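Here's the letter readout for the chains.
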Protein chains: 2
Amino acid sequence: MSKPSLARGTRDFGPSVMVKRNYIFDTIKRTFQKFGFQPIETPTIENLSVLMGKYGDEGDQLLFKILNSGDFSKDLTQKDLDEGAKKLTHKISEKGLRYDLTVPFARFVVMNRNDLVMPFKRYQIQPVWRADRPQKGRYREFYQCDADVVGTDSLICEAEIVLMLQEILQNLGIQNFTIKINNRKILSGIAEVIGVKGSEVPLTVAIDKLDKIGKDKVEDELRERGFSEESIEKLQPIFEIQGADNQVFEKLKAWLKESETGLKGIEELEKVWSLVESFGLDNSKIQLDITLARGLSYYTGAIFEVKANGVQIGSISGGGRYDNLTGTFGMPGLSGVGISLGVDRIFDVMDELGLFVDNQSVTTKVLLTNFDEEAEKYSLPILKKLRDAGINAEIYPESGKIKKQFDYANRKNIPFVVVVGSEEIQTGKLTFKDMALGEQEKLNLEQIIEKLK
Amino acid sequence: MSKPSLARGTRDFGPSVMVKRNYIFDTIKRTFQKFGFQPIETPTIENLSVLMGKYGDEGDQLLFKILNSGDFSKDLTQKDLDEGAKKLTHKISEKGLRYDLTVPFARFVVMNRNDLVMPFKRYQIQPVWRADRPQKGRYREFYQCDADVVGTDSLICEAEIVLMLQEILQNLGIQNFTIKINNRKILSGIAEVIGVKGSEVPLTVAIDKLDKIGKDKVEDELRERGFSEESIEKLQPIFEIQGADNQVFEKLKAWLKESETGLKGIEELEKVWSLVESFGLDNSKIQLDITLARGLSYYTGAIFEVKANGVQIGSISGGGRYDNLTGTFGMPGLSGVGISLGVDRIFDVMDELGLFVDNQSVTTKVLLTNFDEEAEKYSLPILKKLRDAGINAEIYPESGKIKKQFDYANRKNIPFVVVVGSEEIQTGKLTFKDMALGEQEKLNLEQIIEKLK
């Protein structure tokens, strides 16, 4: 006998949580599809040759690695042990678990390059695994929901991502959110005009903290990172540029006028703003944020991040434009833009804001009671007719006391019970009970079906 | 640069296959829900203490095992290497990948025993992993779709499983199939009356092959397995019992009259037949098969197997009743009955029979052309209105030649294209083209939405 336990950082999802999670997944999927994205799935298990070296040294360590099958130990020697875990891993493990959806997508595109219709719009909703230290809100197994368009530089794609995010969140009932947007080229431009061209990574790591630690501490951090007083002095506009987005664009143009790259970034964002406006979006939630960076090394154009306002939960979505998805697999120059939604955080936001409504589509709508063999026999064709009418229905499987059966309905959140006793069998009028109101009435089957539909 | 490849025995699913697979999954899910089953999900990664010893020695070997994180090699010695892969595995791996959905379900039930509403009806649709040798139709990563009711002995559950299987297959368009049913107690009864009580496993392994190798070879195999001539002589009725199911029940009762267990098995099946009949099923596809065994050691009552007729593909579903799901985790006596559907085989059956219909719900229904910036700007609000009307729609993201854009629509299987040129912009009448018929007409947006709905 073994004591059952969950592996650290993993979770079971019981029915009540599953119904809510599926509601989120279905809403995301439906919107992705409405925008012309098509589903793909890639395997959980990938060759380590595909995964290693794609996520940095830390990522390599956080990959879950699978032990080779068969007698993997027979050629191992003391020397292999002495060389340490890294080299030893190489000898006994060739496969690992999917770490994100981007690298497998890149592999998929390269392996299917001749069959794909470009521009290729794909969505992918699957779990990923990371051997991170588990903590509150951070799991070792969690879902990602990604949508990407590859094979085009068109800024319509950026505008469509804004629309899509907005539609998903509004369909979920999340009204108060902000879609922050920046452009990598603006960050490059800033680095250029303050005289640290190419150093936008350490620069943005510091200014990204402005909200949290304030201007003085950001400047201290820049000094620690070796930025000169002159550069820091030149950076002052970043702390002062404020106003409506179009005013900020104008101020940025003046500040970055010496940087061709920076101006290109502003131009791109202005075009995105204009396209979003062309769509006739009632209440656009986009906001320019020139400190937004998100894994800079990867993005080359637009950078997105979505925050739900009024809750203390990190960003619920992020993404951006890249210009070299597949270079590492020998297919250079494929650009695209994508977005990833974090289902666990969206779940937490909705839970905290009380946005989950009773969703009865996947639970049972009506329970038939079961008192004895005669009633059971009488009920089975009724059960079939309810289901044929598209109603989720079940019969209590055993004869038993009515209290136990009502209790079953209550605990399973079944809203209606049809009581089938001897009187009901004689008259054909069934007792139809509304569990929430506690009221009941006598109805025939057609009337019951009408009520439940 | 690494050459991209798939791990052996794994698959990518591109959009066209995904749409078909999702159609199967959705049909199965919808039916499970209609019968009152609720979804759960368990993690991919389980502790090996949960998985090991549950699937026999062969199963233990076929489990994918995950290398421990961190410096797993530092305490290893030459002695560990000398002891071989099995012991070494124990030292460097504590987790493995889900091998089926039954053991994780049992763990889930035990860990949530106080919160579950009994009888508990759950369905679970997730992939499983087995380090089997890959071959045609056998993969290392594949989905299972399981539905189980636990916490009741009621034979209504068996009858419901028959109904549910029948509804799923008919909804998928598979008309010609057989649901074979047996009962473990009948197999025990046969073993008893031929004088080999308790030996039903080797007995049924042999008679299970009757269809394939014929009576004489089955008898040879029984001799090889040490069955006496007397037992084989007494087994003769099994080769002769034929006729309609009720006739077979009568003949079985006469043959097995000395076995209480055997008679109980017949009684249970007769009750299932009677319940299925009570449901008023038009065209029941159940068939008694007293040679059906399917992993005997586990089942204690009904045994199910579903075959699609007219195609050379193995069983597409199987299951049965068990009386001790959770004993191995310290919770004895929990009985239940369940069914598992194999999506890969169902896919192959439908593919071979040409049952997949054009399913447009997840692909784009209409493409807007894109000739220049003016047309693009004019089209974006149209695009939004189409989507607001619930229509999957996209715009070609770049200005380009019309041939290229039509080609995109054709290759992506988009049935309709709206051409927005300068004339259309002037008149407000858009050119609406049916790609399959090659016909086009001038319509305003409201008319187009009406057509597409």
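Everything numeric here is computed off the predicted structure, so don't read it as measured data.

Enquirer: Would you mind showing me how to read the packing of aromatic side chains here?
Expert: Ring pairs (aromatic) are described by centroid distance and by the angle formed between their planes. One pass over the full model with this rule turns up 24 aromatic pairs over all chains. Taking 5.1 Å as the distance between ring centres and 45° as the angle between the ring planes, the aromatic pair formed by A:Phe347 and A:Phe356 counts as tilted. For A:Phe356, a relative accessible area of 17% puts it in the buried group. Ring plane angle 45° and centroid distance 5.5 Å describe the contact between B:Phe32 and B:Tyr123, whose orientation is recorded as tilted.

Enquirer: Sorry if this is basic, but what is going on with the interface of chain A and chain B here?
Expert: By a widespread convention, an interface's size corresponds to the accessible area lost as its parts come together. Facing 115 residues of chain A, the contacting portion of chain B comprises 115 residues. For the pairing of chain A and chain B, the buried interface totals around 9400 Å² over both sides, and the portion due to carbon and sulfur atoms is 58%. Considering only the surface of chain A that becomes buried against chain B, A:Lys34, A:Glu41 and A:Arg387 emerge as the three largest contributors, covering 7% of it. Counting across the chain A and chain B interface gives 10 salt bridges. The closest approach of N and O atoms between B:Glu376 and A:Lys271, which form a salt bridge, is 3.8 Å. Our count for the chain A to chain B interface comes out at 35 residue pairs in polar contact (both at pLDDT 80 or more). The element contributing the most residues to the side of chain A that touches chain B is helix α16 (residues 373-388) of chain A, with eight residues. Along the lines of polarity and charge, the residues of the side of chain A that touches chain B split into 52 nonpolar, 37 polar and 26 charged.

Enquirer: Just checking my understanding: could you explain the sheet that holds strand β5 (residues 120-129) of chain A for this structure?
Expert: Two orientations exist for strands paired in a sheet by backbone hydrogen bonds: parallel and antiparallel. Residues and elements named next belong to chain A. The strand order across the open sheet built from eight strands is β1-β5-β6-β11-β10-β9-β7-β8, with neighbouring strands paired in mixed fashion. Lying at the two open borders of the sheet, with one neighbouring strand each, are β1 (38-39) and β8 (286-288). By the bridge criterion, seven bridges tie strand β6 (residues 141-150) to strand β11 (residues 336-342) in an arrangement that is antiparallel. In the sheet register, Cys145 faces β11, and the bridge partner there is Leu341.

Enquirer: How should the relation of the copies chain A and chain B be read in this particular structure?
Expert: Superposing the two chain copies requires a rotation about an axis and a translation along that axis. The transform that puts chain A on chain B rotates by 180° and translates by 0.0 Å along the axis, for an RMSD of 0.1 Å. Expressed as a symmetry operation, the mapping of one chain copy onto the other fits a two-fold axis. Across chain A, the rotation axis passes nearest the C-alpha of A:Ile66, at a separation of 2.2 Å. Mapped onto chain B, 100% of the interface residues of chain A are again interface residues, and the two copies thus contact each other with one and the same surface.

Enquirer: What should I look at first to understand unusual backbone geometry in this one?
Expert: If a residue is not glycine, its phi is most likely negative; likewise, a peptide bond is most likely trans. All names here are of chain A. A cis amide bond links Met118 with the next residue in sequence, Pro119, at an omega value of -10°. Structurally, Pro119 can be placed in the loop between α6 (102-111) and β5. Positive phi outside glycine occurs at Asn413, with the angle close to 65°. Structurally, the position occupied by Asn413 is in the loop between α17 (402-411) and β14 (416-419).

Enquirer: How do you make sense of the side chain of A:Asp80 when you look at a structure like this?
Expert: Residue and element names in this part refer to chain A. As for its placement among the helices and strands, Asp80 is situated in helix α4 (residues 78-82). Overall, the relative accessible area of 6% leaves Asp80 in the buried class. For Asp80, the side chain forms a polar contact with the main-chain nitrogen of Thr77, separated by 2.9 Å. Residues in contact with Asp80, not counting those within four places in the same chain, are Asp75, Leu88 and Lys91.

Rules used in this analysis
- Residue positions within a chain follow its written sequence, with the count starting from 1.
- Going through the entries in the order they are written, you letter the chains from A and number the ligands from 1.
- A pLDDT threshold of at least 70 governs which residues receive local features in this predicted model, and a stricter bar of 80 or more applies before side-chain atom pairs are shown or counted, although totals over entire chains, interfaces and linings include all residues.
- Hydrogens are left out, water is left out, and the side-chain values use all remaining heavy atoms of the structure.
- Aromatic rings from Phe, Tyr and Trp, taking only the six-membered ring of Trp, are treated as a pair when their centres fall within 6.5 Å; an angle between ring planes under 30 degrees marks them as stacked, one over 60 as edge-to-face, and anything in between as tilted.
- Three labels apply to residues, based on accessible area from a 1.4 Å probe with only protein chains included: buried if under 20% of the type maximum, exposed if over 50%, partly exposed otherwise in between.
- Contact criterion: two residues are considered in contact whenever any of their non-hydrogen atoms come within 4.5 Å of each other.
- As used here, buried area is the combined drop in accessible area, with a 1.4 Å probe, of two parts when they are placed together.
- Salt bridges are defined as contacts in which a side-chain nitrogen from Lys or Arg sits within 4 Å of a carboxyl oxygen from Asp or Glu.
- For the purposes of these results, a polar contact is taken to be a pair of N or O atoms within 3.5 Å, where, inside protein, one atom must be able to donate a hydrogen and its partner to accept one; residues adjacent in sequence count only when each atom of the pair is a side-chain atom.
- Secondary structure is summarised from DSSP: a helix means a run of H or I of at least four residues, a strand means a run of E of at least two, and numbering begins at the N terminus for each.
- Ten residue types, Ala, Val, Leu, Ile, Met, Phe, Trp, Tyr, Cys and Pro, are classed as nonpolar, four, Asp, Glu, Lys and Arg, as charged, and the remainder, Gly among them, as polar.
- Two strands pair under a simple rule: DSSP has to find at least two bridges between them.
- The copies were overlaid with a least-squares fit restricted to C-alpha atoms from residues scoring a pLDDT of at least 70 in each copy.

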